[in-house]
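Chain by chain, the residues run as shown.
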Amino acid sequence: DLVYNRIVELMELMPGLLTRQTLPDTLVLQISTLSVSPFFVENVGTLQLAALSVCRGIFCLYEKHRQIILDDIFSSLARLPSSKRNFRSYTLSNGESIQMVTALVLQLIQCIIKVPEAEEKKEPVKEIEPLDKREDDSPRKSKKKRKGKKGRRSHRRSSEDERPKTPPPADDKPPEIVGVVVENGEGTEGGVGKEYYAPDADVLIVTSYEQALHTANHFLYAFLRKCSAKEQEDYRPLFENFIEDLLTCLNLPEWPSAENVLTLLGRLLVATFSSKHSDFAMRTVTIEYLGNIAAHLRRDAVNSRSDSAKLKQVLVEQWAHENNETEEACPLFSEEEKPSSQVDIEEEDNVKSNILSDHITELQLILLAFLVEHSDVNPELVHARRFFLGQWIRDAQVTCEQLVKNPPKPPATKTEGEDENTEEEILAEHEEKIKKQMNDLEEKKNLLKNLLQKDIIKPSTLKSQRWSVSGSNAVRIAQFLASSRSLSVNFDIYLNKILIELQESAIGLRTKAMKALAAIISADPNLLHRNELRLGVHGRIMDQAASVREAAVDLVGRFVLDKPQLTLQYYPMLSERILDKGVGVRKRVIKILRDICVQQPDFPKLTEICIKLIRRINDQDGIREVVAKVFMDLWFTEQSEETPDGLIKRVVSITEAVAESPDQNCDWFKLLLNQYLKPGDENTTDKDEDQRVRITAQSKKMIDCLVDSVLKLENFSAGSSENSSRLVSCLHTIYLFAEAVPHLVARHCTTLHPYLNMKCSQQIDYLVLYHVTQTLEIVLPLMEHPSDDFLASLEEDMITLVMKYGQFIVQACISCLGVIINNMTHNFKLAQECFRTFFMRLVRYKKQYTENPEESSLEALKGPVMRSLFTVGLLCQHFEFDQGKHNSSKAVSSIQNQVYEILMFFAGFQEEEIRNRAICGLGFFFIRYDKMMLKEQSRQLYIDILKGFDAPTKLKVQVLKNLQLHLQSDEKRLTQQNQAMRQELKRDGITDLKTYGDEKSSVSGAVAQMLLEPIHHCFFHKLTQVRSAAVHVVCQVLHQGLLHPISCIQYLIAICTDIDEINRIKAEQTLIELDGKYPLFLHSQFFPGLRESFKLQTALFSTYPVRGFRNNPPISLLSHVYALIRNSKAHRHSQLVTMIKQFDDYKKTDINLLLYIADNLAHMSYQVVEEPLFVIHHVALLISTSGTTYLEQAKDAVYGKDIAETIKDEDEENIDEIDQVEDLPRLTEVLVSCQSCTLLILLKKHLMTQYNLTDKRCHEFSPLESAKMYDKQISRHSNLAYDPSPVLSAVQQLTLDVDYESEEFEKSALLYYKEFRDLMTQQDLAEFKCSDSENEDAEKSVKYYERRKELPVKVRKERKPRVSKTPSKDAAKKRKLSKTPAKKPAKKRRRRYVVRSDSEFSEQDDDEDEDYDGDGR
């Protein structure tokens, strides 16, 4: 400790030595090294403070050592202490702390400002310098003594002045900021050391201020370069801490340089992340840095909203102190100038500038007085004061220069009714105004220079004489004065630069820019009102990358909740993302919409939000739980001190959501109520039971409120469609509650009963009747002691409704009548009489039709017969007429057989309407008598309808609906039976239910197995309703586990490519469930499913060809299915290879199917780089094998096999003429086959363009490598569709327009041969260029292939007659294929055809035996 204290004392004495005597460079260098070292050591705070004064003194006095000190700092940055304890040891005036090295850098920048003349001069001391320069000491001493006697120096510049005329260095002009320090020679401070007198004080001050900026810029530039350099030490955390310290010091009076350093830093950051040549990691981190700076600036702007009034109060107090008056007598401000407290930031800034612009000088003087007052405690405040003065002098100088160079334009000088004198007066007034501004600026500069020259050494003597301002007000003054400077003004620039980065192609940059924008908006959510920011956020919400979309949604969601106007503005773009592909995005949107519903109950889009949330009730488990929690909080959580109006609002919200549900499908509400209201079991916790009790109590209140609303709306519904709709919604909601908690609705049966007698005049009235009937069916068995008269009245009303209304009401009434008779009244005679009425009508009609089908009276009976067919089936479903209590006849099952027989009779009718009603009745009949479905007659009826090509669509749909209704009824029956059995066995103490089977479940399985193939046949029907009904049946079968899933997966994959979105979603959800249970099944059935999907697309579209993608943007039809299998790399590779292998043998695979596969491969939803590279790799392998084979076969067909074997690739380019194709049929067959290879070549090119992949990158890829670089995310660079037009045209011309004797056909075949050969040449050339081999053979091969690209093929017009497909060897030998020119006989002019390199035919005259030069001329 003793040694440490001595070192501290020694370091504290160093500044005195530096100010008293000029030291040689060697000594200064040692002192600077000694003083910089303590800043990079821990727990030496006292020594660091002393060293800070030493470094400041050297930096101020010895200009040549500034760069050395900065270099020492840079070289030691890596040694900064890493521990968080005492990390920021320099305490600021506001109580916060910064790093000691940050304080060092800022003070070094602030101490550069030079003072041109001092008010008092001390006698100069002898300076230590070389002997050859000491002859100038005497004159200097005499002059200093003489001038010291005067007490102050003269500022006049005259020839009589006897001071040495030492000019300033030549490079003393303000240099341009380029990140380097400009040295200006040695300077002096306050008359110490060697004196160089500047010819102009303004130049000296401004130049020194520019030097300070250059020093700051150099430090930042070098620090940022160290961060971007790939060194062992990571400087980025150090740079982040430095920026955080700068923001902490910003606007503090003792740190004026922090604002300048941040301004320069902002320019460097913008230049770094805007440059495409910068390191990607550095670009992303600089965006984050700039976002933090911009957020801090905006936060300061928000926090200073009330500073205007406080600054006015400071000025008033200062005026009152100087004038010995009361504050009320201050004439500085009027009442009208007081700014409003509720105003936007931009408006607030304008208000402050307008009110306080005339008092800037007073505020500057108050701030300077504050610094002088506290400089005895903090000596570094002297340099802060000088820095402020230098900054303001330079600002005034710049403003003067701008007024001289670009004076403001005068106002409009002439209007109608004004003469020339008025114009001259306006111009003169304008010039006078400019002169006044110039004079004011000159006066201000002189005032500031005088203050700088009168550097007060002992401010403590003036404390009692001046009025002092508080520290907080001094900070406000500094912040106000900085608000008009570059840093605050640059906020909009920073914001716009970040918005521009949102358009970058790199996902990482867009994500980082989004987070930076979120940091800025967190400082001021009002920024979201700006149009450019709204457009930028909307663009990122629709971004291709899920991470960017999630960041954008999170940004909006954090700030719109507190601003209802923002919620209304950003709601449309938020609500769209509830259907986002990313699960995280959907979850975040749902939570935001939940918060809107809870925190803004008066939001106008509340019902729409509920509907959007409702549609996600069947989403993934995590999202389903979030949605259920939303509605539980919104509707069933009791609010503290809730008023009746609050309950009514919640009820209205529920009824509106029910009314707006798509297709009146409220399964979501049933799921929601069952989740929270179902009785607990042995696994239910006390907390869950308490929650169920609370929700049940809330439901009771809501049901009572709904019933009251029904009674009120009944009186106003007449003549009002709106009230009628509300009545239907209320009754529908009561029915939904009745399904979940029927005992709570049972006591309202008598209230609902009168609605059965209402007259139905419009569709809404039928809905009222339907919902009331459904509700009574559920709750009637739970009534306590209903009266006989009430039940009899209900029976009578039901029978009346069955006789009066259509099947919509009849179905509900017979179901309700079955509950009343079977469970309550047991009035089976009533049901039997009703059955006999309708059944005998069918018997009579059958008898009349059998006797005379042409009888005219039968036409009038069609309507009652169709009603009877429907009603008889329903009565058989709900009543057992073969049992003794229904039928006194001893012939057991006679009624069952009679009904079956008569329904089958009408099911064979020719008239479609009667057949449809009969089949519908059979569907109801089979629900009770399901074994009748296994009869051969029933089976054959269903199969003929489902598979029949000419079967009416209505009958197909009705049969499928019958099957679905049967499965649903069977499931419902089994559920009720299992619940009753569990309760019974639980009473008996039996817990094992495996031994208890069900006979009817086996019947349902047999029916499903029997009709599976016909149902699958309906998957490929052209009409959507048929496919939709078939999909629902198969999904129901799989849900009940009646069939093995593998038998249906390929057909569900096909439906995933359906044009109907509902069918696609249903099939995709089923596949997701199956993949979760049986993951291997989906992988094994992927390619069979692809074939079935091609079959479906062929059935749906009659146009040629069938494509495998959807447009806008192009995406594979199997993209969703591929997304399910892509998570397993092995299975993904297996399926991709299987798809590519189909191109290997054209004869086994149709070209249309190959095109369909190629479309899917081209537009599949690839997520990582490895996927398209894997496809390209295997495509290239197949091209190199099969393509070469096809090319050899084509050559054999063109030249003949024997001669083709003698022709090398190098020789083929010298062949100048071909008389005729040797085997044109064989060539045609090969060219058609090679189109599969052409599809692969086009696919490879498309993928490389789509994902911006180079030949070299594709060549270097190996499937065996597991490099992480291949797991990076990839995105499309274009949305172009895969174009197979060359293949389509070739196939069409070579297969449809075949004429082997046609010369045009032969020319076309040769043209396609050349095109295929050129494509293969390009592939070989790309492989050679990417090869690592550099030997001569490779180079020759590349040159050869480049020449071969231009190789033409010619065909003589004169041809020999074709006798057979394969010419003889003698004929082949006669072919003219000589490489050397033959002897020229008599020339004969003829026309020849040339296939040029641009794939066009041309005719030209030539000599018969003249050699062809091979270049197309």
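Caption draft 1: Up close: the overall build of the protein. Helix and strand content of the protein: 61 helices and seven strands. Here the protein, with 1417 residues, has 50% of them falling under the buried criterion. Pairs at least 24 residues apart make up 74% of the contacts formed inside the protein by residues separated by at least 6 positions. Summed over its atoms, the accessible surface of the protein is roughly 69900 Å², and 50% of this surface lies on carbon and sulfur atoms.

Caption draft 2: Local environment of the nonpolar core. Formed by 365 residues in total, the largest nonpolar core has its most connected members in Leu517 and Trp635. With 13 residues, the single largest contributor to this core is helix α52 (residues 1170-1199). Contacts of Leu517, omitting those with residues within four sequence positions, involve Leu495, Ile498, Leu499, Leu502, Leu533, Val537 and Leu555.

Caption draft 3: Examining the side chain of His966 more closely. With respect to the helices and strands, the residue His966 is situated in helix α41 (residues 953-988). We classify His966 as buried; its relative accessible area is 6%.

Caption draft 4: Quick look at the packing of helix α56 (residues 1235-1250) against helix α58 (residues 1285-1295). The N-to-C vectors of α56 and α58 enclose an angle of 165°; their axes lie 9 Å apart at closest approach. With respect to their mutual orientation, α56 and α58 come out roughly antiparallel. Where α56 crosses over α58, the handedness of that crossing is right-handed. For the pair α56 and α58, the contacting residues are Gln1235, Thr1238, Leu1239 and Leu1242 in the first and Pro1286, Val1287, Ala1290 and Val1291 in the second.

Caption draft 5: Looking closely at the environment of Lys1201. As for its placement among the helices and strands, Lys1201 is situated in helix α53 (residues 1201-1206). Remark: the alpha-carbon pair of Lys1201 and Asp1223, spanning 22 residues in sequence, is separated by 9.8 Å.

Caption draft 6: Quick look at the packing of aromatic side chains. In this structure the tally under the stated criterion is 36 aromatic pairs. Taken together through their ring pairs, the aromatic side chains of Phe219, Phe223, Phe239, Phe242 and Tyr289 make up a single cluster. Seen from the ring of Phe1020, Lys1095 lies directly overhead, with NZ or CZ sitting 4.5 Å from the centre.

Caption draft 7: Structural context of unusual backbone geometry. Positioned with a positive phi, Asn43 is a non-glycine residue whose angle comes to about 60°. With respect to the helices and strands, the residue Asn43 is situated in the loop between α2 (25-36) and α3 (45-61). The phi dihedral of Asn251 falls on the positive side, at around 70°, and the residue is not glycine. When you line up the elements, Asn251 lands in the loop between α8 (236-249) and α9 (257-274).

Caption draft 8: Structural context of the environment of Val36. Note on placement: Val36 falls in helix α2. Each C-alpha atom, one on Val36 and one on Leu70, is 9.4 Å from the other, the two residues being 34 residues apart in sequence. Each residue touching Val36, except ones within four places of it in the same chain, is listed here: Cys55, Ile69, Asp72 and Ile73.

Basis of the calculations
Residues take numbers from 1 onward in each chain, read along the sequence in its written order. In view of the model being predicted, local features appear only for residues whose pLDDT reaches at least 70, and side-chain atom pairs are presented and counted only at 80 or more, with totals across whole chains, interfaces and linings using the full set of residues. Each side-chain value is derived from all of the structure's non-hydrogen atoms; neither hydrogens nor water enter the calculation. Helix and strand labels come from DSSP, where a helix needs a run of H or I of at least four residues and a strand needs a run of E of at least two; each type is numbered from the N terminus. Using a 1.4 Å probe on the protein chains alone, a residue whose accessible area is under 20% of its type maximum counts as buried, one over 50% counts as exposed, and one in between counts as partly exposed. Throughout, a contact is declared for two residues whenever any of their heavy atoms are within 4.5 Å. The Shrake-Rupley method, run with a 1.4 Å probe, gives the accessible areas here. Residue values count only the displayed protein chains as cover. By nonpolar core we mean a set of buried residues, namely Ala, Val, Leu, Ile, Met, Phe, Trp, Tyr and Cys, connected to one another through side-chain atoms within 4.5 Å. Axis definition: a line fitted to C-alpha atoms, limited for helices to the stretch in contact. Angles are taken between N-to-C directions and run from 0 to 180 degrees. These descriptions rest on fixed angle ranges, namely under 35 degrees for roughly parallel, over 145 for roughly antiparallel, 65 to 115 for roughly perpendicular, and the rest for oblique. When the near helix sits turned anticlockwise from the far one by under a right angle, the crossing is termed left-handed; a clockwise turn instead gives a right-handed crossing. Planes of paired rings set the category: under 30 degrees apart is stacked, over 60 is edge-to-face and the rest tilted, where pairs are Phe, Tyr or Trp rings (Trp by its six-membered ring) whose centres lie within 6.5 Å. Two limits define a charge over a ring: the Lys NZ or Arg CZ must be within 6 Å of the ring centre, and within 35 degrees of the ring normal.

Everything listed here is a matter of geometry and, on its own, says nothing about what the molecule does.
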